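# Coordinates in review
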Amino acid sequence: MRAVVYPGSFDPLTNGHLDVIERAARLFDRVIVAVAPNSEKHPLFTTEERCKLVVGATRRLRNVEVRAFDGLLVDYVRGCGAQAVIRGLRAVSDFEFEFQMALMNRKLDERVETIFMMPKDTYTFLSSRLVKEIAQLGGDVSTFVPRNVGRALLKRMQPSTPMRRR
Ligand code: PNS
């Protein structure tokens, strides 16, 4: 049984992430999407919300599981019986940080391999940060994220109802 962990903040999941998940699901028996609590200080969605959004978007993929994870990634990977970590690489600019992280993880536990996967080229410009910015400014993100994520973003961005004067 070949299991792999795909870790990330997924705040929120984009079509680029989903593309990587689909590719991994074709290669591995078991893909664990591991949602980290917050790599930035103020995520738009809570860990639980982000997990639910990934679950909603991956329901049809039978060998994909979604879990929240805390602590060191290498410990988590060994704990769930996986052999490798998947990270998506969109462009050369991603490489430096990803390379550093992969080598550090190897230092921490040399049994954990990192596998880089490229999403479909049409998604190379996509990032959760840009999607949030566009949604926050009222732009249309429907082609960038799965439908359930688009709905959640719309709901989150709706201005709160103004207080009525007496
Ligand atoms: O989607 P992101 O924000 O690029 O994901 C980064 C993540 C969560 C994969 C990374 O920050 C991570 O692995 N965090 C767990 C803590 C850890 O093991 N840190 C050492 C990494 S070398």
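A brief report on the enclosed structure follows. (Residues numbered from 1 in each chain as written. Predicted model: local features only at pLDDT ≥ 70, side-chain atom pairs only at ≥ 80, totals over all residues. Heavy atoms only, no water.)

### Details of the packing of helix α2 (residues 47-58) against helix α6 (residues 147-157)
Where α2 meets α6, the axes come as close as 9 Å, and the angle between the chain directions of the two elements is 145°. Note on element contacts: α6 touches α2 through Asn148, Val149, Ala152 and Arg156, opposite Glu49, Lys52, Leu53, Gly56 and Ala57. Broken down by class, the residue content of the contact of α2 with α6 amounts to four nonpolar, two polar and three charged. (Axes fitted to C-alpha atoms, helices over the stretch in contact; angles between N-to-C directions. Helix = DSSP H or I, 4+ residues; strand = E, 2+ residues; numbered from the N terminus. Contact = heavy atoms within 4.5 Å. Nonpolar A, V, L, I, M, F, W, Y, C, P; charged D, E, K, R; others polar.)

### As for helix α4 (residues 92-108)
The end-to-end C-alpha separation of α4 is 25 Å, in line with the 24 Å expected for 17 residues at 1.5 Å each. Of all the bends found along α4, the most pronounced is centred on glutamate 98 and spans about 25°. Taken as a whole, α4 has its buried residues at Asp94, Glu98, Ala102 and Asn105. (Expected span 1.5 Å × (residues − 1). Bend = angle between axes of the 7 residues up to and from the residue. Buried < 20%, exposed > 50% of the residue type's maximum accessible area, 1.4 Å probe, protein only.)

### Let's talk about the nonpolar core
Within the largest apolar cluster, 34 residues are counted, with the highest numbers of intra-cluster contacts made by Ile21, Val54, Ile86 and Leu153. Of all the secondary structure elements, the ones that give two or more residues to this core are β1 (3-8), α1 (15-27), β2 (30-35), α2, β3 (64-68), β4 (84-88), α5 (128-136) and α6. A per-element tally of this core places α1 first, with five residues. Setting aside its immediate chain neighbours within four residues, isoleucine 86 contacts Val4, Val5, Tyr6, Pro7, Val20, Ala24, Phe28, Ile115 and Met117. Of all hydrophobic cores here, the second largest spans 14 residues; its members include Tyr76, Val77, Val85 and Val112. (Core = buried A, V, L, I, M, F, W, Y, C linked by side-chain atoms within 4.5 Å.)

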